[in-house]
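Reading the structure
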Amino acid sequence: MNKDLTVGKPETVLWQFCLPLFGSIVFQQLYNIADSLVAGKCIGENALAAVGNSYEITLIFIAFAFGCNIGCSVTVSQLFGAKQYSRLKTAVSTACIFSAVLCALLMAGGILGCGPMLNWIRTPNEVFFDSKLYLDIYVWGLPFVFFYNIATGIFSALGDSKTPFYFLAVSSTSNIAVDVLFVKAFGMGVAGVAWATFLCQGISCILAAATVWARLRKIQVPEKPPLFDWGILKRIMAVAVPSILQQSFISVGNIMIQSVVNGFGPSVMAGYCAAVKLNNLVITSFTTIGNGISNFSAQNLGARKYGRIREGFCKGLKMVWYLCIPFCMLYVAGGKYLLLLFMEKGSVDALAAGMQFLWILSPFYFAVSAKLVADGVLRGISAMWQFMAATFTDLILRVLLAFVLSGLTKSPLGIWCAWPAGWITAMALSVSFYRKGWKKRAGQLSSAEDAGLNTM
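Residues numbered from 1 in each chain as written. Predicted model: local features only at pLDDT ≥ 70, side-chain atom pairs only at ≥ 80, totals over all residues. Heavy atoms only, no water.

1. A short note on the confidence of the model for the protein
Summary statistics for the protein give a mean pLDDT of 82 and a share of 91% for residues scoring 70 or more. The weakest mean pLDDT in the protein belongs to helix α1 (residues 10-43) at 73; the strongest belongs to helix α3 (residues 85-120) at 90. Predicted confidence is poor over residues 448-456, with pLDDT under 50, and the contacts of this stretch with residues over four places away or in other chains come to 14 contacts. (pLDDT = per-residue confidence, 0-100. Helix = DSSP H or I, 4+ residues; strand = E, 2+ residues; numbered from the N terminus. Contact = heavy atoms within 4.5 Å.)

Given below as structure tokens:
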């Protein structure tokens, strides 16, 4: 069901809209968590290390899909808020065409380049074959990843966060069962983990795309809109390209950090793999709520309701801080037991590395969540370069400090300490950019509106 985010009490609207998004991302993260869990429990520590090692490279592909999601979602949100339904339909088909071309290029690059990239990040010989096998299968499933992201972006733009949640809840829980079936019953090893994800993502994508198509058919327009528009593509790319660059550089940074982790051997790799999956569950949850705030801001920008944008930031910040408390307490007090879910017996070195990672990072979730809420507003009002500046500062600090501190301490402790430094600095920048950005953008649109110009 489509929902207008420009009416109603902002706090209530955001809770109703963002909670299903939060639930969706929890289930989406189960894909990767299930892969690592089954690999570690049913195959062994090296398989867990291989899946975790491959995961950092898959994040590059996901970065492009996420950028297409955000570009489409923000543009469609603004058009939906402005009630320009014919251009909205053109925006959807334009985003699909753009995404299909980009996906084909990435598949070609992935088929040719995954092996050299694994060598570049110093993948140990004992996990190289399984890492390469996992990535080869993953690359063939990229069309499902891309078009599922486009579909969920459209749902969010139309104010519907519940439908993607239902799809993900079913497909993610099914993925766990298929993982176990392929690995335990069929003895497929790491390949079974990859094929299970491929299959379940494919089903989820097909169902989501069919539902979006049916939903858009119900939106009546005077005449058939064009399938492609260069002006709309420019608007989509104005948001998508900075988002892709941001997520890609983060992924490259994470790969560089993974290369430092790999230097400490398979046990530390396995502990890091398990801990970073738990950490990514939290960060991706906050990012998804930030995406919801992007849709909220974009719709209200399109409707010229600027005061609601500031109120949305304040209520969104309150929302993510409520979520920080249980996550922080759980990881500090119960991190050991969560990590043991991924390990057959719990290697002493792997468990120690994972626990240290969680203990250092989790208290700083309050800082990174504030950054991600501010980022959500910046994306929604199309202040993309400010958003990128804060994110790149975080990334550069983390990578540099990971190399420097790990060298000084001669242990992975230095790598873990790099995260909070980047988060705190980037949070200060993002919040500062938000405070200046939304007022400036509102002023620009108000001036244009007074002059009789159509800025949307």
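2. Thoughts on a nonpolar patch on the surface
Together, I97, V101, L105 and L227 line one region of the surface with nonpolar side chains, adding up to about 400 Å² of accessible area. Here I97 is to be found in helix α3. (Patch = residues over 30% accessible without salt bridge, like charges linked within 9 Å, V, L, I, M, F, W, Y side chains within 5 Å. Areas by Shrake-Rupley, 256 points an atom, 1.4 Å probe, with all protein chains shown as cover. Salt bridge = Lys/Arg side-chain N within 4 Å of Asp/Glu carboxyl O.)

3. As for the packing of helix α4 (residues 125-140) against helix α5 (residues 142-157)
At their nearest, the axes of α4 and α5 sit 4 Å apart, and the two run at 50 degrees to each other. The orientation of α4 with respect to α5, classified from their angle, is oblique. In contact with Y138, V139 and W140 of α4, α5 contributes L142, P143 and V145. Residues belonging to the contact of α4 with α5 are distributed by class as follows: six nonpolar, no polar and no charged. (Axes fitted to C-alpha atoms, helices over the stretch in contact; angles between N-to-C directions. Parallel < 35°, antiparallel > 145°, perpendicular 65-115°, else oblique. Nonpolar A, V, L, I, M, F, W, Y, C, P; charged D, E, K, R; others polar.)

4. Quick look at α5
With 16 residues, α5 should cover 22 Å at 1.5 Å per step; its first-to-last C-alpha distance of 23 Å lies within 8% of that length. Of all 16 residues in α5, 13 are buried; the element is thus mostly enclosed. Backbone geometry just downstream of α5 places G159 in the positive-phi region, at approximately 80 degrees. (Expected span 1.5 Å × (residues − 1). Buried < 20%, exposed > 50% of the residue type's maximum accessible area, 1.4 Å probe, protein only.)

5. Quick word on the side chain of N279
As for its placement among the helices and strands, N279 is situated in helix α9 (residues 266-302). With a relative accessible area of 2%, N279 lands in the buried category. Setting aside chain neighbours within four positions, we find N279 in contact with Y331, F357, L361, Y365, W419 and W423.

6. A closer look at the packing of aromatic side chains
Applying the stated criterion across every chain yields a total of 17 aromatic pairs. Judged by centre distance (5.3 Å) and plane angle (80 degrees), the ring pair of F357 and W419 falls under edge-to-face. Here W419 lies in helix α14 (residues 413-450) and F357 lies in helix α11 (residues 348-361), a separation of 62 residues in the sequence. Pair check on accessibility: F357 and W419 agree, each one buried. The structure contains a cluster of three or more aromatic residues connected by ring pairs, namely F286, F327, Y331, Y365 and W423. (Phe/Tyr/Trp six-rings, centres within 6.5 Å; stacked < 30°, edge-to-face > 60°.)

7. So, the environment of S161
Here S161 lies in the loop between α5 and α6 (162-185). S161 sits in the buried class, given a relative accessible area of 3%. On a C-alpha basis, the gap between S161 and Q16 in space is 8.6 Å, while along the polypeptide they are 145 residues apart.

8. So, the nonpolar core
Judged by nonpolar contacts, the single largest core of 80 residues is most densely connected at F286, Y331, L339, F357, Y365, W416 and W419. At 18 residues, α9 tops the list of elements feeding residues into this core. Ignoring sequence-local partners within four residues, the contact set of W419 consists of I257, Y272, N279, F357, L361 and R398. Counting residues in hydrophobic clusters, the runner-up holds 48 residues, among them L106, I150, A151 and L168. (Core = buried A, V, L, I, M, F, W, Y, C linked by side-chain atoms within 4.5 Å.)

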